[in-house]
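Now for the letters of each chain:
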Amino acid sequence: MATNGSTMLEPLRQGLPPLDPAAVSSAASCALPARYEAVGDARRFTRRTLDQWDLGDRFDDVCLVVSELVTNALRHAVPNAPRVPDQEPAVRLHLMRWTERLVCAVRDPSNDSPVARAADDFSAESGRGLFLVDSFCDGWGWHPLAGTLSGKVVWALFRLPNAG
């Protein structure tokens, strides 16, 4: 079933300062396979999209956040999602641009909330992804999907300089 991205992400917009719908200038999304190679696919998709939107200068921060959100979905959400016969769990990356905001959102099939682990073990090789997300973006959060879709969306917000 195709899902309108604007409907799926309505709770995201409700949790942010008011956004003028007329200010939404661009949106792009891609489906990602449930394999770790998908993180590279997500990076390449993000690079192409930001270049098209003339936001290539934001790539490093946005790419780091996209990589962490997709990795978290693949590592924690996909293995714990309820299995639907003959259907691979879906992970989908959405990039949305408003005049002064860029939002990266990753949809995954798990209903479990994302959990930030304690960051006091600096030698650990994993577990700090959400701390990195928090450090490199201007805000992040998550919400469960509504309607017939199960799962959740984890999003990160980047403020863009006013082009005016």
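Residues numbered from 1 in each chain as written. Predicted model: local features only at pLDDT ≥ 70, side-chain atom pairs only at ≥ 80, totals over all residues. Heavy atoms only, no water.

Attention shifts here to the sheet that holds strand β5 (residues 152-159). The antiparallel open sheet is built from five strands, whose spatial order is β1-β2-β3-β5-β4. Across the chains shown, the open sheet's two edge strands, defined by having one partner strand only, are β1 (26-32) and β4 (139-144). Direction aside, neighbouring strands of the sheet carry axes that sit 15 degrees apart on average. The pairing of strand β2 (residues 91-97) with strand β3 (residues 101-108) spans six bridges and is classified as antiparallel. (Pairing = 2+ DSSP bridges. Helix = DSSP H or I, 4+ residues; strand = E, 2+ residues; numbered from the N terminus. Axes fitted to C-alpha atoms, helices over the stretch in contact; angles between N-to-C directions.)

Attention now goes to helix α5 (residues 129-136). Residues of α5 that are buried include every one of Gly129, Leu130 and Val133, and no others. Each buried residue of α5 lies within a common arc of 95 degrees when the element is viewed along its axis, so the set occupies one face. (Buried < 20%, exposed > 50% of the residue type's maximum accessible area, 1.4 Å probe, protein only. Arc of directions from axis to C-beta.)

Taking burial as the measure, the eight residues of β5 include seven buried ones, the bulk of the element. The sheet contact formed by β3 and β5 spans eight bridges and is antiparallel. Of the residues in β5, the one forming a bridge with Ala105 is Trp155. Judged from the six bridges that link them, β4 and β5 form a sheet pairing that is antiparallel. In the strand pairing of β5, Trp142 is matched with Val154.

All told, the structure shown has zero aromatic pairs when counted by the stated rule. The ring of Phe59 has Arg47 sitting right over it, with the charged end atom 3.7 Å from the ring centre. (Phe/Tyr/Trp six-rings, centres within 6.5 Å; stacked < 30°, edge-to-face > 60°. Lys NZ or Arg CZ within 6 Å of the ring centre and 35° of its normal.)

Our focus in this paragraph is the side chain of Asn72. Here Asn72 is to be found in helix α4 (residues 59-80). Ignoring sequence-local partners within four residues, the contact set of Asn72 consists of Ala77 and Leu130. (Contact = heavy atoms within 4.5 Å.)

Below, the discussion takes up helix α3 (residues 38-52). In an α-helix, one turn spans 3.6 residues, which is why side chains three or four residues apart end up on the same side. The end-to-end C-alpha distance of α3, which contains 15 residues, comes to 21 Å, matching closely the 21 Å that a straight helix rising 1.5 Å per residue would cover. Three or more residues of α3 are buried, namely Ala38, Val39, Gly40, Ala42, Phe45, Thr46, Thr49 and Leu50. Count one or two residues on from α3 and you reach Asp54, which has phi positive near 60 degrees. (Expected span 1.5 Å × (residues − 1).)

For soluble globular proteins, the rule of thumb is that nonpolar side chains tend to be buried together. Among the nonpolar cores identified, the biggest contains 32 residues, and Leu32, Val66, Leu69, Val70, Leu93 and Phe158 are the most heavily contacted of them. Those elements that place two or more of their residues in this core are β1, α3, α4, β2, β3, α5 and β5. At 10 residues, α4 tops the list of elements feeding residues into this core. Counting residues in hydrophobic clusters, the runner-up holds eight residues, among them Met96, Val103, Leu145 and Val153. (Core = buried A, V, L, I, M, F, W, Y, C linked by side-chain atoms within 4.5 Å.)

Taken by themselves, the reported measurements are silent on function.
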